[in-house]
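One-letter residues, chain by chain:
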Amino acid sequence: MFSTTTDVTQQVLGVIDLEGIDPYENWEKSTRPSGAALTALWQPVFGELVPDVSGSLTGPAATLLAQITTSSEIAAEPQTLALLARLAAGDPLREVERRFFVFRPEARAYLARLSSGAAIPLKILHLGPAVPVAFVGQTLTSPALPPLGTGRAGTVVTGIIDDVMGFANERFRRAPGGSRVERFWMQAMPAVAGGTATVGGEIDRAGIDALLASTPEEPRIYERLFPGGVYVIAPAPRGDLGLTPYESLNAQPFARAETHGTQVLDLAAGYPMGTAPQDRPILAVQLPQLATLETWGARLDLFILAGLQRLFHWADRWVENGQSRRAPLVVNISYGVLAGPKDGTGLIEQEIARMVAARNAEGVPTVVVLPAGNGYRDNCHAGLMLEPGATGDLTLRVQPDDQSVSFAEIWLNGMERLRLRITPPQGTPFDRLILPVDQVIDWQRQLTNGLKLTLVRIYVRPYPAGHPFGNGRTRVTVAFLPSQNHEAPLQVVPAGAYEMRLTNRGATALRAVIETQRDDTPPGFPVWGRQAYLDHPLAHGWDPALKNFTAPGPGSAVTRGGTLSGFGTAAAPGVVVVGAAFDRDALVRAALYCGAGPTPGRARPDLSAVSEETRAHPGVMTAATLSGGVTLLSGTSNAAPQVTRALVDLLSANPDHPLQDLTPLFAGQPFAGPGDDQLGRGQLPFSVTAGRPARRLGRGS
């Protein structure tokens, strides 16, 4: 049973221009298994140099470089070290490289100084949780890249950021012993030595070709790279393997019949071996297993950004005809989250838009393709408009047997005062006036031994104008313990209905958007998380597509509009958001799950692609992990890479095609009017391409 709430004074010890702690990062550390061995973890820190009083970056770059190379409290990857060396030598800063990563030991990640007292000339924009025990079993090194290219290459490169990719699959080869994958980065926990952080392992085409030649059996290739399997977070200690409660041997993920990364890579760039055009090379980044397992994205966002930076770094040093060139690049990121500001100011949204705009401004065509998300019918989005003194009610339902933490975000459209009351399924309600200032509030339980256990933590953070991610709004993040915990049965919240009442105590009207963060377990993992969702008395109208009473009706706080992925709501040139559709034989045109606009940052997806052939034949055919296999993939995750492929074809045929003009992709047949909230302005024609087997007669080749 819950006790009365207890306030916690926020302690920010020398934070480097960071106005408050990150809820996801903080709650992840606060809820780790007690027996986990985490003393050696390094935390990713995303930031930018602080110029000196004259506005120069030369001195600060030299200082930070010296600190990295001499201190045991800060590290960076070789690319970052090279950037700092160039800036220290007086080279100008390229906008695309303005922000970068360093790594700090967890105990010091928030501190503005080294233990020696020296100030670190870095403005922190975001901290992410560490990724424990995700080691690559064998250190891989690739030949050094040439310097920054001096002209634009003629080749358009396909870039992929995803989870496990069967890169040795014959769909990604130009010949039995020749790969089309030019570079492949397997991200993992940083290994730090002498200030240099090695985040996983990297292999180039020559290395892959050598593996193909020396190890003809595909599974053996992956076993050589991961001889001990891949470690991820564990629900229980594994004493028989000598692992801590925070480790678990995920055997060999490449042995799974289907992996999301392989499926997406095939849809974006797969061809029967030997049939791909010569100008269809691939650059690939494989995310850590733990980053993809924990779908609420605390680890995911920074690894995606690191992957995007690496893809840009490679593409800017493309070798063509013996010369270093800058290659046009189309990147597919088939990931998303349910919550976020959704106005273009989120970390992922802002950074993708900024980096893409910077590279396009330098004359190198660059596109990032994102899915619209799969949350349309998940009941994870709600909105309340509250006049001064008005009250709005809705319910948050925490599911039983949920072994992962859950989050709900409340975004307020101003810096107003909000009275928040949450009544749990049992125990004393939480009731507090929320002021628009950085604060952390603990909702605790009194234990029989006299100690208090924090079951729910509430983080309040305003984003005023001038903040790096400022949007004039306030975010209230409500973080819950799991509803099931086999190792610590008392460290749980009751499953059931949490009645939420929001009262506007300000002087002006208040718009509140409430969303639950994504918390489901992706395919390929043992079920770990169960999605919390929102409910309302008027959210049970007739849904003609599903033939049940699950549709929000008039007046419902829970809505299906505004359900685009939190990664894909920035309306920016070079950022393409893709919805998902049925091909035919369905009651509705849009896929049942396809996220919809409008959001504060985007009215709708740009366009859509077929993700479901029919209601009876769901999904589309893709390559399995190993050569010769065929499997199915559903979701906006499969719609996005189809558009990625089409964009590569378009830019290959016309390198100067304006990126904002997507009409050639839907064959000059846009939808009537301004577009569909789920499907955008048009739909990519559906065909079975590049030798992929047709599921029924008369489809494809």
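Just so it is clear, the structure is predicted and the values come from calculations on it, not from any experiment.

Reading across the sheet, the eight strands line up as β9-β8-β12-β5-β15-β16-β30-β31 and stay open at both edges, with mixed pairing between neighbours. Edge positions in the open sheet fall to β9 (196-204) and β31 (607-612), since each of these has one partner strand only. Each neighbouring strand pair of the sheet contributes to a mean axis angle of 25 degrees, computed without reference to strand direction. The pairing of strand β8 (residues 181-193) with strand β12 (residues 282-286) spans five bridges and is classified as parallel. The residue bridging W185 from the neighbouring strand is V285, located in β12. Those strands touched by helix α9 (residues 347-361) are β15 (329-333), β16 (366-371) and β30 (575-582), and its axis lies near 155 degrees from that of β16.

Moving on, we get to the sheet that holds strand β4 (residues 122-127). Strands sit in the order β3-β2-β4 across an open sheet of three strands; the sheet is antiparallel. With one partner strand each, in any of the chains shown, β3 (99-105) and β4 form the two edges of the open sheet. This sheet shows a mean twist of 45 degrees between the axes of neighbouring strands, independent of strand direction. In this structure, strand β2 (residues 42-49) lies alongside β4, joined through five bridges in antiparallel fashion. Residue pairing across strands places E48 opposite K123, the latter belonging to β4. The strands touched by helix α2 (residues 58-70) are β2, β3 and β4; relative to β2, the strand with the most contacts, the crossing angle is about 165 degrees.

For the coordinates displayed, the defined rule picks out eight aromatic pairs. Arranged with centres 4.2 Å apart and planes meeting at 40 degrees, the rings of Y24 and F407 form a pair that is tilted. One end of the pair, Y24, is in helix α1 (residues 23-30); the other, F407, is in strand β19 (residues 406-412), and 383 residues separate them in sequence. Residues Y24 and F407 agree in their burial class; the two are buried. Members of the aromatic cluster, each reached through a chain of ring pairs, are F167, F184 and Y222. In this structure, R359 is placed above the aromatic ring of F312, and the distance from its NZ or CZ to the ring centre is 5.6 Å.

So, on to the nonpolar core. Among soluble globular proteins, nonpolar side chains are generally buried collectively. Counting residues in hydrophobic clusters, the biggest one holds 69 residues, and the most contacted among them are L64, I410, L420, L502 and I514. It is strand β23 (residues 452-463) that contributes the most residues to this core, six residues altogether. Those residues in contact with I410 that lie beyond four places of it in its chain are L420, T474, R475, V476, M500, L502, A512, V513 and I514. Among the nonpolar cores identified, the runner-up in size contains 53 residues, and A75, W185, V199 and Y463 belong to it.

Basis of the calculations
Residues numbered from 1 in each chain as written. Predicted model: local features only at pLDDT ≥ 70, side-chain atom pairs only at ≥ 80, totals over all residues. Heavy atoms only, no water. Pairing = 2+ DSSP bridges. Helix = DSSP H or I, 4+ residues; strand = E, 2+ residues; numbered from the N terminus. Axes fitted to C-alpha atoms, helices over the stretch in contact; angles between N-to-C directions. Contact = heavy atoms within 4.5 Å. Phe/Tyr/Trp six-rings, centres within 6.5 Å; stacked < 30°, edge-to-face > 60°. Buried < 20%, exposed > 50% of the residue type's maximum accessible area, 1.4 Å probe, protein only. Lys NZ or Arg CZ within 6 Å of the ring centre and 35° of its normal. Core = buried A, V, L, I, M, F, W, Y, C linked by side-chain atoms within 4.5 Å.

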